[in-house]
Amino acid sequence: EAGVAQSPRYKIIEKRQSVAFWCNPISGHATLYWYQQILGQGPKLLIQFQNNGVVDDSQLPKDRFSAERLKGVDSTLKIQPAKLEDSAVYLCASRTVRDTIYFGEGSWLTVV
Amino acid sequence: AQSVTQLDSQVPVFEEAPVELRCNYSSSVSVYLFWYVQYPNQGLQLLLKYLSGSTLVKGINGFEAEFNKSQTSFHLRKPSVHISDTAEYFCAADFGSRLTFGEGTQLTVNP
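This section reports on the structure supplied with the text. The shown structure was predicted, so the numbers you read here are calculated from the model rather than taken from an experiment.

## Observations regarding the sheet that holds strand β8 (residues 75–79) of chain A
To summarise the sheet geometry, strands pair through backbone hydrogen bonds and adopt either a parallel or an antiparallel arrangement.
Residues and elements named next belong to chain A.
Then step 1. Spatial ordering of the open sheet is given by β1-β3-β8-β7, a layout of four strands whose pairing is antiparallel. Edge positions in the sheet fall to β1 (5–7) and β7 (65–68), since each has one partner strand and no second. Each adjacent strand pair in this sheet contributes to an overall mean axis angle of 15 degrees, direction not counted.
Then step 2. As paired strands, strand β3 (residues 19–24) and β8 are joined by five bridges and run antiparallel to one another. Residue C23 lies in a different strand from β8, and its bridge partner there is S75.

Written as structure tokens, this is what we have:
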């Protein structure tokens, strides 16, 4: 079974530029998450989708972050404009029932 | 408020020594508990999980954890660690809607 796929793995951008990350969850997984992990901290939930609907985006900085999952499968997370404090690993995860959440390898963002 | 607390940010041990990484949670509802490991420059890998049933849970790589409802704890243990166990370990709790993580414990195994 293929895991959660994320791209790009690494990205370096200048502040005020934009960036987009893509995630393809495990086939059949209705729930998809985006987490932000700043170096030295635990992952923090940015947004949760159930199929193509948003379940929880209470911690998403909506002035600069946006995410979509239009067809209920893959998802895109966008940051525009980026700030230095957005430097982090962006983890995508998925699951099918209230059991195990499976994580991708992460997209590493450095904002300079 | 629902939260997860990892009591030690760094745990240094010698190879072949036992180790315990401590995790406490705060919740008034039923909870599922997980331990994940993160090696440098990699994503999160599930070590073990507690959903229900036996309070002693065995995971991969020789790790185990015990769910203690009265103490709201889920400590991770390994009787004999290896150099390759050096990594960041995260305790996480599913309170019904989202997975909430602790801040992590860096386990460093020295020769």
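Still more to cover.
## Comments concerning the side chain of Q38 of chain B
Then step 1. Here Q38 of chain B shows up in strand β5 (residues 32–38).
Then step 2. The exposure class assigned to Q38 of chain B is buried, which follows from its relative accessible area of 10%.
Then step 3. There is a polar contact of 3.1 Å between the side chain of Q38 of chain B and the backbone oxygen of Q42 of chain B.
Then step 4. Those residues in contact with Q38 of chain B, other than ones at most four positions away along the chain, are Q37 of chain A together with G43, L44, A87, E88 and F90 of chain B.

## Quick look at the packing of aromatic side chains
Then step 1. Overall, the coordinates contain 14 aromatic pairs over all chains when judged by the stated rule.
Then step 2. Both rings, one in Y35 of chain A and one in F101 of chain B, keep their centres 5.6 Å apart while their planes meet at 85 degrees; by these two values the pair is edge-to-face. Taken together, the residues span two chains, with Y35 of chain A in strand β4 (residues 31–37) and F101 of chain B in strand β11 (residues 99–101).
Then step 3. Considering the side-chain rings of F90 of chain B and F101 of chain B, the 6.4 Å spacing of their centres and the 85 degrees angle between planes classify their relative orientation as edge-to-face. With F90 of chain B in strand β10 (residues 87–94) and F101 of chain B in strand β11, this pair connects stretches of sequence that are eleven residues apart.
Then step 4. With a relative accessible area of 7%, F101 of chain B lands in the buried category.

## Remarks on the nonpolar core
Then step 1. Residues L33, W35, L47, L48, F74, L76 and Y89 of chain B are the most contacted members of the largest nonpolar core, which totals 29 residues.
Then step 2. Among the elements that line this core, the one with the most residues is β10 of chain B, at four residues.
Then step 3. Formed by 21 residues, the second largest nonpolar core is a distinct cluster that contains I13, L46, A82 and C92 of chain A.

## Some remarks on the pairing of strand β6 (residues 53–56) of chain A
All names here are of chain A.
Then step 1. Direction of pairing for strand β5 (residues 44–50) relative to β6: antiparallel, over a ladder of three bridges. For F49, the partnering residue across the bridge sits in β6 and is V54.
Then step 2. Hairpin geometry of β5 and β6 is characterised by an intervening segment of two residues between the two adjacent antiparallel strands and by a positive phi of about 55 degrees at N51.

## A word on the pattern of salt bridges
Residue and element names in this part refer to chain B.
Then step 1. The full count for this structure, using the stated rule, is nine salt bridges over all chains.
Then step 2. The shortest N-O distance in the salt bridge between D8 and R22 comes to 2.9 Å. One end of the pair, D8, is in the loop between β1 (3–6) and β2 (10–14); the other, R22, is in the loop between β3 (19–21) and β4 (23–26), and 14 residues separate them in sequence.
Then step 3. Overall, the relative accessible area of 31% leaves R22 in the partly exposed class.
Then step 4. A salt bridge links K58 to E64; its shortest N-O distance comes to 2.8 Å.
Then step 5. When its relative accessible area of 63% is taken as the criterion, K58 is described as exposed.
Then step 6. Each member of the salt-bridge network shares a partner with another, and the members are E20, E66 and R77.

Thresholds, definitions, all that
- Residues numbered from 1 in each chain as written.
- Chains lettered and ligands numbered in written order.
- Predicted model: local features only at pLDDT ≥ 70, side-chain atom pairs only at ≥ 80, totals over all residues.
- Heavy atoms only, no water.
- Pairing = 2+ DSSP bridges.
- Helix = DSSP H or I, 4+ residues; strand = E, 2+ residues; numbered from the N terminus.
- Axes fitted to C-alpha atoms, helices over the stretch in contact; angles between N-to-C directions.
- Buried < 20%, exposed > 50% of the residue type's maximum accessible area, 1.4 Å probe, protein only.
- Polar contact = N/O pair within 3.5 Å; in protein donor to acceptor, adjacent residues only side chain to side chain.
- Contact = heavy atoms within 4.5 Å.
- Phe/Tyr/Trp six-rings, centres within 6.5 Å; stacked < 30°, edge-to-face > 60°.
- Core = buried A, V, L, I, M, F, W, Y, C linked by side-chain atoms within 4.5 Å.
- Salt bridge = Lys/Arg side-chain N within 4 Å of Asp/Glu carboxyl O.

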